[in-house]
Amino acid sequence: MNEIILLLLGFLGVFAAGCSIALLALGKLIDQFPSGDESKRTRSITSPVETTKISIALFWGLFIIGGWAVMQESRLVMIAGITTLFAISLFMITALIFSFAVLNALRARKSGAKAPVGIPVIQISPAAPVPVSAEAEPIQPAPVLRKRYNNPLTDFMLNALLKKE
């Protein structure tokens, strides 16, 4: 049993190392992304790079604790270790998804900033009414074809939904 747990712990460690590297790279990209006026921007512990480093350090601390707990003989401690490892794995996946979403939003805002903003919309009405020919026939809507199945339950539900009173 311990061999299987060690193998799974190794796979999780490789996954976590890759995710950690990707998350640090994304944090650096987000932090270096131009936000407009850089003179007002202060770099502190709340900047994306520092916050990412802190979260990665907490992740690896919890990974070591969870790995130690999984290797214990006590069933309760082992379950707590598995739960810890599962929770921090979900945290890592969520952090990666959130970082990709933030980077995507920053890129969309940057590309949207190039478009002129604040141009008033002017509605132009035609000078003369557009002549309409009297010969134009109204366009007939295309018939809607539905495939019907021989199932009494779905026929009953479909008829109940389409019932006109």
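What you see is a predicted model; the values in this text were computed from it and never measured.

Draft legend 1. Seen up close, the overall build of the protein chain. Scanning the protein chain from terminus to terminus reveals four helices and zero strands. Moving toward the C terminus, one meets the helices and strands of the protein chain in the order α-α-α-α. When burial is assessed residue by residue, the protein chain has 22% of its 165 residues classed as buried. When the accessible surface of the protein chain is split by element, carbon and sulfur atoms take 69% of a total near 13,500 Å².

Draft legend 2. Structural view of a nonpolar patch on the surface. Side chains of Phe15, Phe86, Leu90, Ile93 and Ile97 sit close together on the surface and give an oily, nonpolar patch of about 480 Å² of accessible area. No other element matches the four residues that helix 3 (residues 75-113) contributes to the nonpolar patch. Positionally, Phe86 belongs in helix 3. Judged by relative accessible area, Phe86 falls into the exposed class, the value being 56%.

Draft legend 3. Main features of helix 1 (residues 2-32). Taking 1.5 Å of rise per residue, 31 residues should cover 45 Å, and helix 1 covers 44 Å from first to last C-alpha, within 8% of that figure. Restricting attention to buried positions, one finds in helix 1 the residues Ile5, Leu9, Leu12, Gly13, Ala16, Cys19, Ser20, Leu23, Leu26, Gly27, Ile30 and Asp31.

Draft legend 4. Spatial organisation of the packing of helix 1 against helix 2 (residues 48-70). Viewed as axis vectors pointing N to C, helix 1 and helix 2 meet at an angle of 175°, and their least axial separation amounts to 9 Å. On the basis of the axis angle, helix 1 is roughly antiparallel to helix 2. For the contact of helix 1 with helix 2, the residue count by class is 15 nonpolar, five polar and three charged.

Draft legend 5. Structural detail: the packing of aromatic side chains. Evaluated as defined, the whole model comprises three aromatic pairs. Ring centres of Phe59 and Phe63 lie 6.3 Å apart, and the angle between their planes is 25°; this geometry places the pair in the stacked category. With Phe59 and Phe63 both in helix 2 and four residues apart, this pair spans about one turn of that helix. As far as the burial class goes, Phe59 and Phe63 line up, both buried. Among the aromatic residues, those joined into a ring-pair cluster are Phe59, Trp60 and Phe63.

Draft legend 6. Focus on the side chain of Ser89. Within the secondary structure, Ser89 sits in helix 3. On the accessibility criterion, Ser89 (12% relative accessible area) is buried. Not counting residues up to four positions away in its chain, the partners in contact with Ser89 are Leu12 and Phe59.

The rules behind these values
Residues numbered from 1 in each chain as written. Predicted model: local features only at pLDDT ≥ 70, side-chain atom pairs only at ≥ 80, totals over all residues. Heavy atoms only, no water. Helix = DSSP H or I, 4+ residues; strand = E, 2+ residues; numbered from the N terminus. Buried < 20%, exposed > 50% of the residue type's maximum accessible area, 1.4 Å probe, protein only. Areas by Shrake-Rupley, 256 points an atom, 1.4 Å probe, with all protein chains shown as cover. Patch = residues over 30% accessible without salt bridge, like charges linked within 9 Å, V, L, I, M, F, W, Y side chains within 5 Å. Salt bridge = Lys/Arg side-chain N within 4 Å of Asp/Glu carboxyl O. Expected span 1.5 Å × (residues − 1). Axes fitted to C-alpha atoms, helices over the stretch in contact; angles between N-to-C directions. Parallel < 35°, antiparallel > 145°, perpendicular 65-115°, else oblique. Nonpolar A, V, L, I, M, F, W, Y, C, P; charged D, E, K, R; others polar. Phe/Tyr/Trp six-rings, centres within 6.5 Å; stacked < 30°, edge-to-face > 60°. Contact = heavy atoms within 4.5 Å.

Functional significance is not addressed by these values, which are geometric in nature.
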